[in-house]
Amino acid sequence: MNLTKLQNQVVRELIQQLEAEQDMPMTSLEELAIEEGVRKGLRQGIEQGIQQGIQQGIQQGIQQGIQQGIQQGLRDGLVRATLRLLQTRFGEDALRLQPRLVQIESLEQLEALTAEAALAPSLEAFEGKLG
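Residues numbered from 1 in each chain as written. Predicted model: local features only at pLDDT ≥ 70, side-chain atom pairs only at ≥ 80, totals over all residues. Heavy atoms only, no water.

### Here's the deal with the overall build of the protein
As a reminder, the rule being used: In this text, helices come from DSSP runs of H or I with a minimum length of four residues, and strands from runs of E with a minimum of two, each type numbered from the N-terminal end. Residue exposure (1.4 Å probe, protein chains only): buried if accessible area is under 20% of the type maximum, exposed if over 50%, otherwise partly exposed. Between two residues, a contact is recorded if the distance between any of their heavy atoms is within 4.5 Å.
Scanning the protein from terminus to terminus reveals 6 helices and 0 strands. Starting at the N terminus, the α and β elements of the protein follow one another as α-α-α-α-α-α. Burial analysis of the protein (131 residues in total) assigns 37% to the buried set. Taking as baseline every contact in the protein between residues at least 6 positions apart, the subset at least 24 positions apart corresponds to 65%.

### Examining the side chain of Thr-82
Relative to the assigned elements, Thr-82 resides in helix H3 (residues 62–90). Beyond its immediate stretch of four places on either side in the chain, Thr-82 contacts Leu-101, Leu-110, Leu-113, Thr-114, Ala-117 and Phe-126.

### Some details on the nonpolar core
Test applied: Each nonpolar core is a collection of buried residues, namely Ala, Val, Leu, Ile, Met, Phe, Trp, Tyr and Cys, held together in the definition by side-chain atoms within 4.5 Å.
Ile-50, Leu-86, Leu-101, Phe-126 and Leu-130 are the most contacted members of the largest nonpolar core, which totals 28 residues. For this core, the element with the highest residue contribution is H3, accounting for 8 residues. Filtering out sequence-adjacent residues up to four positions away, Ile-50 remains in contact with Val-11, Leu-14, Gly-69 and Ile-70.

### Topic: the environment of Leu-101
Inspection of the secondary structure puts Leu-101 in helix H4 (residues 98–102). A relative accessible area of 0% means that Leu-101 is categorised as buried. In contact with Leu-101, not counting residues within four places along its chain, are Val-79, Thr-82, Leu-83, Leu-110, Leu-113, Phe-126 and Leu-130.

### So, helix H6 (residues 123–130)
Here is the rule we go by: The arc under discussion is defined with respect to the helix axis, by the directions toward the C-beta atoms.
Regarding H6, the residues found buried are Leu-123, Phe-126 and Leu-130. Taken around the axis of H6, the buried residues stretch over an arc of 65°, which confines them to a single face. With respect to the buried face of H6, the exposed residues turned more than 90 degrees away are Glu-124, Gly-128 and Lys-129. Gly-131 occupies a position one or two residues after H6 and carries a positive phi of about 85°.

### Points about the packing of helix H5 (residues 107–119) against H6
Two quantities define a packed helix pair, namely the angle between the helix axes and the distance between the axes. We apply this condition: A fitted line through C-alpha atoms represents every axis, and for helices the fit uses only the stretch in contact; the resulting angles, taken between N-to-C directions, go from 0 to 180 degrees. Note on angle classes: values under 35 degrees are labelled roughly parallel, values over 145 roughly antiparallel, values of 65 to 115 roughly perpendicular, and the remainder oblique. Crossing handedness is read from the near helix: turned anticlockwise from the far helix by less than a right angle, it gives a left-handed crossing, and turned clockwise, a right-handed one.
The N-to-C vectors of H5 and H6 enclose an angle of 165°; their axes lie 9 Å apart at closest approach. With respect to H6, the element H5 is oriented roughly antiparallel. Where H5 crosses over H6, the two elements pack in a sense that is right-handed. Every residue of H6 that contacts H5 at Leu-113, Glu-116 and Ala-117 is listed here: Phe-126, Lys-129 and Leu-130.

As structure tokens, then:
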């Protein structure tokens, strides 16, 4: 992805801010793997969202496009992070929930589901939280 210096700086600052806000205890290898998966998912989602936002921004105004891209990127990143967490904890069967997670528009709901994915005792228990 080709970004300008300013765009690269914005991406780095957003990623650093997200990483600084994460305060997960690192007491086991599994928790480290989960945290890294969440970071990768969010980073990929933000980068893709910013790229999409920049493209839309040319037509709708750069500021509005970047904001929309960031929101979409956060949403996509949360979906990816949740799926990665579920996959790490419960195996490949977790991927069957992707279509339902993608339907969720609310960042707050996705954030809550990401936390639930880390704590749910089973995939079925998590699925019950999807409604």
